[in-house]
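# An overview of the molecular structure
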There are 2 protein chains.
Amino acid sequence: MLSYTEENYLKALLKLILDNTSNEAGTNELANSLLVKPATVNDMLKKLKEKDLVNYEKYGKITLTLEGQKHATEVLRKHRLWETFLYEVFEFSWDEVHEVAEQLEHIHSVKLIDQLDKFLNYPEFDPHGDPIPNKHGEIKVHFKKTLFDVEIGTTCKMVAVKDNSSSFLQYVVKVGLGLNNEIKVISKQDYDALLVIEVNGVESIVSQKFAENIFVLA
Amino acid sequence: MLSYTEENYLKALLKLILDNTSNEAGTNELANSLLVKPATVNDMLKKLKEKDLVNYEKYGKITLTLEGQKHATEVLRKHRLWETFLYEVFEFSWDEVHEVAEQLEHIHSVKLIDQLDKFLNYPEFDPHGDPIPNKHGEIKVHFKKTLFDVEIGTTCKMVAVKDNSSSFLQYVVKVGLGLNNEIKVISKQDYDALLVIEVNGVESIVSQKFAENIFVLA
DNA sequence: TATAAAAGTTAGGTTAATCTAACAAATTTA
DNA sequence: TAAATTTGTTAGATTAACCTAACTTTTATA
């Protein structure tokens, strides 16, 4: 059984690797993301290497072993499932979910996570629009796309919001938008970047700022 | 902010005190309930005393200060709310809830617990029939009573089951019983202790063994 | 009530996770 | 390419939570 701290190191490593696209990370980088000193990371790296969770040689780059990836992905899965739960069931706002999910992600219980997943109807994305690994550790690869990035004439699905202020949310409701709604982008003004969109057969005009705060799945 | 371990010491102390009815506990007793050695408890006691969470003098008995009670009650509240949640929402059985609740009780988030409480509609008892402290730390004092202890002629409410085996649960359903149902005890045979009860206007005969596995509120 | 048993304490040690300070290797840049 | 900068490592300390072994105090009992 991994400790709370070991799980955090693996998760941080996975996040760096997913962000970097480079598949490896360095000691300082990892120390920064965990808010600890490089010396501390160095110690932990030795321990994780001993347990065959990371590949790492003195002065070399750090990568996750298959086993390490498995653990890290599971923690990420739990984190994102809990975020979704807090957001959808317990009325947490977009910016409140992270802190509590950081704690909940370390609860050990297979049944708990299975039930959580089922209760949420096996969601694929969390409230930030990030993909939730499934039970087998598979992550839907995708580029985080906002409504502003969608090609004219195509239809997309709203999966999350970036801005969670009440003024923005009220605006979202006014436009007739909700999670998982289909949105068709009718046109875009070159001059001021206003978008004409269609939701449930109703056309609306929204600004670039608005469109950039809506995450969609193309 | 109290550590996971400190919270566990306070909770264990509160449970001993609630069970003892004596309002105080000893080092060995506490060590047994926490599965650690008395020497360890001694160290922690000094720390908790320093933080004004317990009253304790060398070779004396241990009690909780008001502040210590507050923390302990809050942990107990969280534990029992989570048990109720796991049982009612996530289909955990009576005997599976404890282990996971032991972990969940240490999650720090006022909003989380408020929402949990609200979601469960402010329950007063957990699946074991134990009272859940409310937001202000108030615990409904009650004696854990089974259906067998109920006086003849009176009506009570089923609040929990002790035995969670499927054979017992099937029997419970057959008798037409469910959580929060009203049960009237019609009569009791002196000879073999069989009980005649009435649920929703229907009479049934149940054994002493059955009745002792149903927790009720008189 | 003296002594044996139980309960509680102390001293000294371990492990996990952290730190600082000094040093070493690798990389960048002038 | 040599010097400067960045990156990574080591050694030695610290803190929380635990331990064992030896000791002391309290309580129970012969």
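Residues numbered from 1 in each chain as written. Chains lettered and ligands numbered in written order. Predicted model: local features only at pLDDT ≥ 70, side-chain atom pairs only at ≥ 80, totals over all residues. Heavy atoms only, no water.

### Observations concerning the relation of the copies chain B and chain A
Using the following cut-off: What sets the superposition is a least-squares fit of C-alpha atoms, and only residues with pLDDT of at least 70 in both copies go into it. Note on contacts: a residue pair is in contact if any heavy atoms of the two residues lie within 4.5 Å.
Overlaying chain B on chain A yields an RMSD of 0.2 Å, the required transformation being a rotation through 179° with an accompanying axial translation of 0.1 Å. Taken together, these values place the two copies in the relation of a two-fold axis. Scanning chain B for the C-alpha nearest the rotation axis identifies L104 of chain B, at a separation of 3.7 Å. Taken together, the interface assignments show that 100% of the residues at the interface of chain B recur at the interface of chain A, consistent with an identical surface on both copies.

### Quick notes on the packing of helix α1 (residues 4–20) of chain B against helix α2 (residues 27–34) of chain B
All names here are of chain B. Rules: Here an axis means a line fitted to C-alpha atoms, over the contact stretch when the element is a helix, while the angle between two N-to-C directions is reported on a 0 to 180 degree scale. Strands here mean DSSP runs of E at least two residues long; helices mean DSSP runs of H or I at least four residues long; both are numbered from the N terminus. An angle below 35 degrees is treated as roughly parallel, one above 145 as roughly antiparallel, one from 65 to 115 as roughly perpendicular, and anything else as oblique. The sense of a crossing depends on the near helix, which, turned anticlockwise from the far helix by less than a right angle, makes the crossing left-handed and, turned clockwise, makes it right-handed. When residues are sorted by character, Ala, Val, Leu, Ile, Met, Phe, Trp, Tyr, Cys and Pro go into the nonpolar class, Asp, Glu, Lys and Arg into the charged class, and all the rest, Gly among them, into the polar class.
Where α1 contacts α2, the axes come no closer than 10 Å and their chain directions differ by 115°. In terms of orientation, α1 lies roughly perpendicular with respect to α2. When the axes of α1 and α2 are compared, the crossing they make is right-handed. Packed against α1, whose contacting residues are N8, Y9, A12, L13, L16 and N20, the element α2 presents E29, L30, S33 and L34 at the interface. In the contact of α1 with α2, the residues fall into six nonpolar, three polar and one charged.

### Description of the protein's contact with DNA strand C
What counts here: In these notes, residues near a molecule or strand are those with any non-hydrogen atom within 4 Å of it. Here a polar contact means two N or O atoms within 3.5 Å. Within protein one must be a hydrogen donor candidate and the other an acceptor candidate, and residues neighboring in sequence count only if both atoms are side-chain atoms.
Near DNA strand C there are 22 residues, and of these S3, T40 and K47 of chain A together with N28 and N42 of chain B occur at the shortest range. Near the protein, meaning within 4 Å, the atoms of DNA strand C are sugar or phosphate in a fraction of 79%, with bases accounting for the rest. Interatomic distance of 3.2 Å between a side-chain N/O atom of Y9 of chain A and a phosphate oxygen of DNA strand C. For the surface near DNA strand C, the secondary structure elements donating two or more residues are α1 (4–20) and α3 (38–50) of chain A together with α2 and α3 (38–50) of chain B. Broken down by element, the surface near DNA strand C gets its largest block of residues, five residues, from α3 of chain A. When grouped by side-chain class, the residues that make up the surface near DNA strand C number nine nonpolar, seven polar and six charged.

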